[in-house]
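Residue-level structure breakdown
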Amino acid sequence: MSTQHSNGEQAPLLRRGPTANKEQPPVHRSVRAIIYGVLTVIFVVGLIVVSVFWEEVGGIVGEFPKDPEQAARRLLKIAPIIDGHIDLPLVAREEYANNASWLDLEKEVNGHVDIPRLKKGQVGGFFWSAYVACPTDEATFELALTSQQIKTAIGRGRIASLLGIEGGHQLGNSIAVLRQLYLLGVRYVTLTHVCHNAFADSNGVQPGIIPRWNGLSSLGVSLIHEMNRIGMLVDLSHTSDETARQALKLTQAPVIWSHSSSRAVHDVPRNVPDDILAMIGTDAPGKVDAVVMVNFNPPFVANPGNATVQTVADHIDHIAEIAGKNHVGLGSDYDGIAETPKGLEDVSKYPALIAELFRRGWTRFELAGLTGRNLLRVMDGAERVAQELQDLGTEPSYDIYDKRKDVGTRIDL
Ligand SMILES: [Zn+2]
């Protein structure tokens, strides 16, 4: 039997010499081992390379139609379009009141994109571009989050726009919501509206409302600490007198009455009594810096038919007399009141009020305080206190409303 087989399966990988049948010397065995080893390595490396690139070539190998149109269809079946920028949300914004759910994409939409055409175009994915036009230099309003931003906006000839939440009930009994509202840009929270809430008592609408907490609840105390810590102004309009007194004793930051007038001038619960006005100031220990921003609502200003520029000025004068001219501002309640004083029918009429106060002897510096600088000072103060408390590492309040059923009982460790 010859060792020179022609059969490939049995053909030796290495041509064997005449001594092949005999016991091979050790040197031959080691050469074969090296060659087998190299082949194995080449095979494994090849396997890895193919597996890595298979995804890239996946499906694109093989016969393709010669016709470019058909080839395109075939290619897109394997590798559909992923478009980087489609302005479909703009169609919703401009033609469907920004409500994408009104777009019936199953039918033909007035535009370039709908489901039948996406399928026809073999689209596998796309970016929905969110877009609104860039602001122009003619913009009138500018969001302001700090006293400095108010000044900057006014300096640019714009109207600074700030956000206030009227009524602690809108916090949903949660101090965490307060923090969220601050992040959204809200800079004051009126502790109550006409109803009591988890934090504090309201002064209601008519005299004689029965208190629920006799001022602040314990959660309300925590709320004020947290408002001070984050720099949210405490607004005491609408609160009961007891709430206001307790808040003034508690707060570390200046506070505001965003829209309240003087009870001594016109006796309604919504107005601020003199004993509380006397707690405002910076001239004695225990007093609190604040600004009472006078409300124009005729039922708060005077008896029916008597609300005028002059009677509104009477409120300003009286608050200035008790608390000081540095502690009065304007909080008209425009668009929130059913009627207006004579001579102060809308926002175009502020100059009439300033002229009236000039006639009464107010200086230009005092009036600049009334028109806005007193508020800016109070905002500055609240921002400063927040910074100080945060620098001290004051912890956020984790207190929760004790009537909540959706969270576990607090365990005091
Ligand atoms: Zn109000």
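The protein goes by Dipeptidase in an unreviewed UniProt entry, where it is assigned to Steccherinum ochraceum. Per UniProt, the comment on the protein under Catalytic activity (unreviewed entry) is "an L-aminoacyl-L-amino acid + H2O = 2 an L-alpha-amino acid". If you open the UniProt record of the protein and go to Cofactor (unreviewed entry), you find "Zn(2+)".

**A look at the pairing of strand S9 (residues 290-294)**
Burial within S9 is extensive, with 5 of its 5 residues counted as buried. On S9, burial covers both faces: Ala290, Val292 and Val294 on one face and Val291 and Met293 on the other are all buried. Strand direction decides the pairing type here: strand S8 (residues 255-257) and S9, joined by 3 bridges, are parallel. By the bridge assignment for S9, valine 255 is matched with alanine 290. Both S9 and strand S10 (residues 328-330) contribute to a ladder of 3 bridges, which runs parallel. Note that in S10 the partner of valine 292 across the bridge is valine 328.

**Looking at the environment of leucine 233**
Position of leucine 233 among the secondary structure elements: in strand S7 (residues 233-235). Taking the C-alpha atoms as reference, leucine 233 lies 6.0 Å from arginine 187; in sequence the two are 46 residues apart. Other than its neighbours up to four places away in sequence, leucine 233 contacts Arg187, Tyr188, Val255, Ile256, Met379 and Ala382.

**Brief notes about the pairing of strand S1 (residues 81-86)**
Across the 6 residues that make up S1, only a small minority, 0, are buried. Both S1 and strand S2 (residues 123-128) contribute to a ladder of 4 bridges, which runs parallel. Bridged to isoleucine 82 within S2 is glycine 125.

Cut-off values and rules
- Residues numbered from 1 in each chain as written.
- Predicted model: local features only at pLDDT ≥ 70, side-chain atom pairs only at ≥ 80, totals over all residues.
- UniProt positions renumbered as here; feature names shortened; annotations may be inferred.
- Buried ≥ 20, exposed ≤ 12 C-beta atoms within 10 Å, placed from the backbone.
- Helix = DSSP H or I, 4+ residues; strand = E, 2+ residues; numbered from the N terminus.
- Pairing = 2+ DSSP bridges.
- Contact = placed C-beta atoms within 7 Å.

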